[in-house]
Amino acid sequence: MKGRVLIVAGSDSGGGAGIQADIKAVTAMGGFAATAITALTAQNTMGVHGVVPVDPAFIAQQIEVVLTDIGADALKTGMLHSAEVIDTVVAAVKKHAPAAPLVVDPVMVAKGGHRLLLGEAEAALREKLLPMAALLTPNLPEAEVLAGFPVNDEASMRRAADKLLSLGAKAVLMKGGHLAGDRVVDLLVHDGQVERFEGARIPSRSTHGTGCTLASATAAGLAQKMRLVDAVTRARRYVRQAIETAPGYGQGHGPLNHAVTVRGD
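> Could you give an account of the overall build of the protein chain, naming the residues involved and the relevant values?
Looking only at helices and strands, one finds eight helices and nine strands in the protein chain. Relative to the globule expectation of 18 Å for 265 residues, the C-alpha radius of gyration of the protein chain, 17 Å, shows essentially globular dimensions. If you line up the protein chain on its principal axes, its C-alpha atoms span 45 × 40 × 40 Å. Burial analysis of the protein chain (265 residues in total) assigns 55% to the buried set.

> Explain the pattern of salt bridges residue by residue, including any values.
Tallying each qualifying case throughout the model produces eleven salt bridges. With a shortest N-O distance of 2.7 Å, E154 and R196 are connected by a salt bridge. Taken together, the residues span a long stretch of sequence, with E154 in helix α6 (residues 154-166) and R196 in strand β9 (residues 193-200) at a distance of 42 residues. According to the relative accessible area criterion, E154 is partly exposed, its value standing at 31%. Under the relative-accessibility criterion, R196 is labelled partly exposed at 44%. Taken together, the salt bridges that share partners define one network made up of E154, R183, R196 and E198.

> With reference to specific residues and values, describe the environment of L40.
Within the secondary structure layout, L40 lies in strand β2 (residues 32-44). With 27 residues separating them along the chain, L40 and S13 place their C-alpha atoms 7.8 Å apart. Those residues in contact with L40 that sit more than four places away from it in its chain are S11, G50, V51 and V52.

> So what's going on with the pairing of strand β7 (residues 171-174)? Residues and values would help.
Here β7 shows no split at all, with A171 and L173 on one side and V172 and M174 on the other all buried. Bridge count for β7 against strand β8 (residues 183-190) is four bridges, and the pairing is antiparallel. In the strand pairing of β8, L173 is matched with L188.

> Run through unusual backbone geometry, naming residues and quoting values.
Despite not being glycine, D191 has its phi angle at roughly 50 degrees, a positive value. A relative accessible area of 65% means that D191 is categorised as exposed. The phi dihedral of K225 is positive, around 70 degrees, even though this residue is not glycine. Turning to its location among the elements, K225 is positioned in the loop between α7 (210-223) and α8 (228-244).

> Lay out the pairing of strand β3 (residues 47-53) in plain terms, naming residues and giving numbers.
Where β2 and β3 come together, six bridges link them in antiparallel fashion. Its bridge partner lying in β3, A39 is registered against P53. Once β2 ends, the chain turns through two residues before running back antiparallel as β3.

> Requested: an account of helix α2 (residues 56-67), with residues and values cited.
Here α2 spans 17 Å end to end across twelve residues, near enough to the 16 Å set by a 1.5 Å rise per residue. Buried within α2 we find P56, I59, Q62, I63, V66 and L67. Take α2 and look down its axis: the buried residues cluster within an arc of 120 degrees, on one side only. Of the surrounding elements, those touching the buried residues of α2 are β1 (4-12), β2, β4 (74-77) and α3 (83-96).

> Lay out the packing of α2 against α3 with the relevant residues and their values.
One can describe the packing of α2 onto α3 by two numbers: an axis separation of 9 Å at closest approach and a directional angle of 20 degrees. Accordingly, the angle class assigned to the pair α2 and α3 is roughly parallel. Crossing angle aside, the handedness with which α2 passes α3 is right-handed. On α3, the residues that touch P56, I59, A60, I63, E64 and L67 of α2 are E84, V85, T88, V89, A92 and H96.

Analysis parameters
Residues numbered from 1 in each chain as written. Predicted model: local features only at pLDDT ≥ 70, side-chain atom pairs only at ≥ 80, totals over all residues. Heavy atoms only, no water. Helix = DSSP H or I, 4+ residues; strand = E, 2+ residues; numbered from the N terminus. Rg over C-alpha atoms; globule rule 2.2 N^0.38 Å. Buried < 20%, exposed > 50% of the residue type's maximum accessible area, 1.4 Å probe, protein only. Salt bridge = Lys/Arg side-chain N within 4 Å of Asp/Glu carboxyl O. Contact = heavy atoms within 4.5 Å. Pairing = 2+ DSSP bridges. Expected span 1.5 Å × (residues − 1). Arc of directions from axis to C-beta. Axes fitted to C-alpha atoms, helices over the stretch in contact; angles between N-to-C directions. Parallel < 35°, antiparallel > 145°, perpendicular 65-115°, else oblique. Left-handed = near helix turned anticlockwise from the far one by under 90°.

Bear in mind that shape data such as this cannot, by itself, settle questions of function.
Below, the structure is given as structure tokens:
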């Protein structure tokens with residue numbers, strides 16, 4: 001299968017999240033990954049130890065040269081750390097790929113707790129990028145920031161999804177991994193429908209990059225013209241199997257096995 005995905009996100013030197021996870025996930029889905037890197041991080045399984053931002057003009061140039069030559073069937077955004085970067089990405093995407101579906105992973109906090117989004121960027125994300133999203137993929141802490149109220153159970157997940165849809169997102173995948181309990185529930189809310197995904201929680205510390213991986217695998221499905229629910233279903237299956245077969249690297253939150261071959265249920 002083909003499917004060109006342009007990923008606009010930060011680099012993870014540890015290889016578990018960010019651009020590195022994005023490329024691996026799109027490739028595993030049979031797609032082609034191109035990138036526009038927004039920041040470099042010194043990062044491992046223990047956390048983020050340093051961040052060097054990329055100049056916004058160079059981010060725009062990366063997007064332009066890829067889209068005017070290779071093109072993209074879908075786009076995915078990850079770490080966009082400042083309002084200026086968000087403004088730059090919004091303008092470049094509107095100019096060069098206004099019709100391509102955009103998956104927005106609103107990366108705000110790294111797994112180890114390091115804040116990856118500056119305060120003034122939250123408003124820009126909410127007001128400018130979110131309305132462009134064909135799919136928004138927040139975890140519960142991110143949903144709380146964007147929706148403006150606590151999200152701590154399935155009912156509030158649904159309310160938050162409705163709020164984010166009212167702000168302009170076409171669809172929202174609410175990731176319920178932060179809820180307590182031995183079952184994980186995700187909600188895909190779109191077109192007046194709610195798709196509920198439930199599965200056993202996988203006991204593992206190898207969960208670094210799950211959000212990046214899920215969003216990029218879904219973007220690959222959209223690039224391959226899959227229905228949204230089918231793209232999400234395949235991406236969730238891939239992430240679960242990548243956690244189950246994770247290599248166990250590092251002393252903290254370890255990486256997934258991005259090379260896993262996706263099995264059917």
